[in-house]
Amino acid sequence: MQIRCALVGMPGSGKSTVGRQLAHRAGVPFIDLDHRLERTIGTTIRHFFEVEGEARFRDLESQLLAEVAQLPGGLVLSTGGGAVLRPENREVLRQFGNVLYLRASPEEIYKRVKHDKTRPLLQGGNPLEKLRELYAQRDPLYRETAHYVIETGRPSVSTLVNMVMMQLEMAQGAAAAPPAAQA
């Protein structure tokens, strides 16, 4: 099965980890949009945010997402947590392939990322409260963009990869099935 999918979700929801293993298992390339952005801008996202601001970062993110979406063939794409903020990005993602929202609660994410100093939107103040604010803003956008929602609460990474593969196989099977006969 040749898969072409994008993973969306909050920072720390497992997009990169699950995406890398999913691509390996499916035998297709993996692209982490944030890592590709860091190579393009020549610095960390956190530093770029501090120097250039979020708006400039989102411009570059949109441009790079559009470029990656034009790549042919099977591909697993892990997006940044804020990639869905712009309507044009949501449309590009939906046209790209199957979009899976790796959903985790702010509390679950906080447990995973509380010591991670590389996430610019979670620095300073109260990171858990910031995650709750981001979740309230972004959850509807992830749901609007995604073809499927995968709960990432407790399962291991390999279980999540299995869940995603099963969802994609069912979607491919449904797309290939002939229409039901009319009575």
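Residues numbered from 1 in each chain as written. Predicted model: local features only at pLDDT ≥ 70, side-chain atom pairs only at ≥ 80, totals over all residues. Heavy atoms only, no water.

**A few points about the packing of aromatic side chains**
- This model, assessed by the stated rule, comprises three aromatic pairs.
- Seen in terms of ring centroids, Y101 and Y142 are 4.9 Å apart; in terms of plane orientation they differ by 35°. Their pairing is tilted. Placement of Y101 in strand 4 (residues 98–103) and of Y142 in helix 7 (residues 127–145) is noted, with a sequence separation of 41 residues between them.
- Relative accessible area serves as the criterion here: at 1%, Y101 is assigned to the buried category.
- Here a set of aromatic residues connected by ring pairs shows up, and it is made of F48, F49 and F57. (Phe/Tyr/Trp six-rings, centres within 6.5 Å; stacked < 30°, edge-to-face > 60°. Helix = DSSP H or I, 4+ residues; strand = E, 2+ residues; numbered from the N terminus. Buried < 20%, exposed > 50% of the residue type's maximum accessible area, 1.4 Å probe, protein only.)

**What about the confidence of the model for the protein chain?**
- Here the protein chain shows a mean pLDDT of 88. Residues at 70 or above account for 89%.
- Ranking the helices and strands of the protein chain by mean pLDDT puts strand 2 (residues 30–32) first, with 98, and helix 8 (residues 157–176) last, with 78. (pLDDT = per-residue confidence, 0-100.)

**Some details on the side chain of D32**
- Mapped onto the secondary structure, D32 falls in strand 2.
- Put simply, D32 is tucked away with no salt bridge, and the nearest opposite charge, on R20, sits 4.5 Å away.
- Side-chain polar atoms of D32 contact the backbone nitrogen of D34, separated by 3.0 Å.
- Non-local contacts of D32, meaning those with residues more than four positions away in its chain, are made with S16, R20 and S78. (Lys, Arg positive; Asp, Glu negative; His and termini not counted. Salt bridge = Lys/Arg side-chain N within 4 Å of Asp/Glu carboxyl O. Polar contact = N/O pair within 3.5 Å; in protein donor to acceptor, adjacent residues only side chain to side chain. Contact = heavy atoms within 4.5 Å.)

**So, the nonpolar core**
- Core analysis: the largest hydrophobic core is formed by 32 residues, its most contacted members being V8, M10, L33, V68, L77 and L93.
- Examining the composition of this core, we find that six residues originate from one element, helix 4 (residues 54–69), more than from any other.
- The next biggest cluster of nonpolar side chains, apart from the first, holds 17 residues, and it includes A26, I150, V161 and M165. (Core = buried A, V, L, I, M, F, W, Y, C linked by side-chain atoms within 4.5 Å.)

**Brief notes about the packing of helix 3 (residues 45–52) against helix 4**
- Where helix 3 contacts helix 4, the axes come no closer than 7 Å and their chain directions differ by 125°. The angle between helix 3 and helix 4 falls in the class oblique. Here I45, F48, F49 and E52 of helix 3 come into contact with helix 4, specifically with E54, R56, F57, R58 and L60.
- When its residues are assigned to classes, the contact of helix 3 with helix 4 shows five nonpolar, no polar and four charged. (Axes fitted to C-alpha atoms, helices over the stretch in contact; angles between N-to-C directions. Parallel < 35°, antiparallel > 145°, perpendicular 65-115°, else oblique. Nonpolar A, V, L, I, M, F, W, Y, C, P; charged D, E, K, R; others polar.)

**Observations regarding the pattern of salt bridges**
- Counted by the stated rule, this structure contains nine salt bridges.
- Between D139 and R143 there is a salt bridge whose closest N-O contact spans 3.0 Å. Taken together, the residues span about one helical turn, with D139 and R143 both in helix 7 at a distance of four residues.
- Several salt bridges converge on common partners, so that one network encompasses E54, R58 and E61.

**Observations regarding the sheet that holds strand 5 (residues 148–151)**
- Taken in spatial order, the five strands make up an open sheet running 2-3-1-4-5, and their pairing is parallel. Looking at strand neighbours, the two that pair on one side only are strand 2 and strand 5, the edges of this open sheet. Across the sheet, the mean angle separating the axes of adjacent strands is 20° when strand polarity is ignored.
- Note that strand 1 (residues 4–8) and strand 4 share four bridges and pair parallel. When the bridges of strand 4 are listed, V8 appears paired with Y101.
- Packing against the sheet, helix 1 (residues 15–26) makes contact with strand 1, strand 2, strand 3 (75–78) and strand 4, and its axis sits at approximately 165° to strand 2. (Pairing = 2+ DSSP bridges.)

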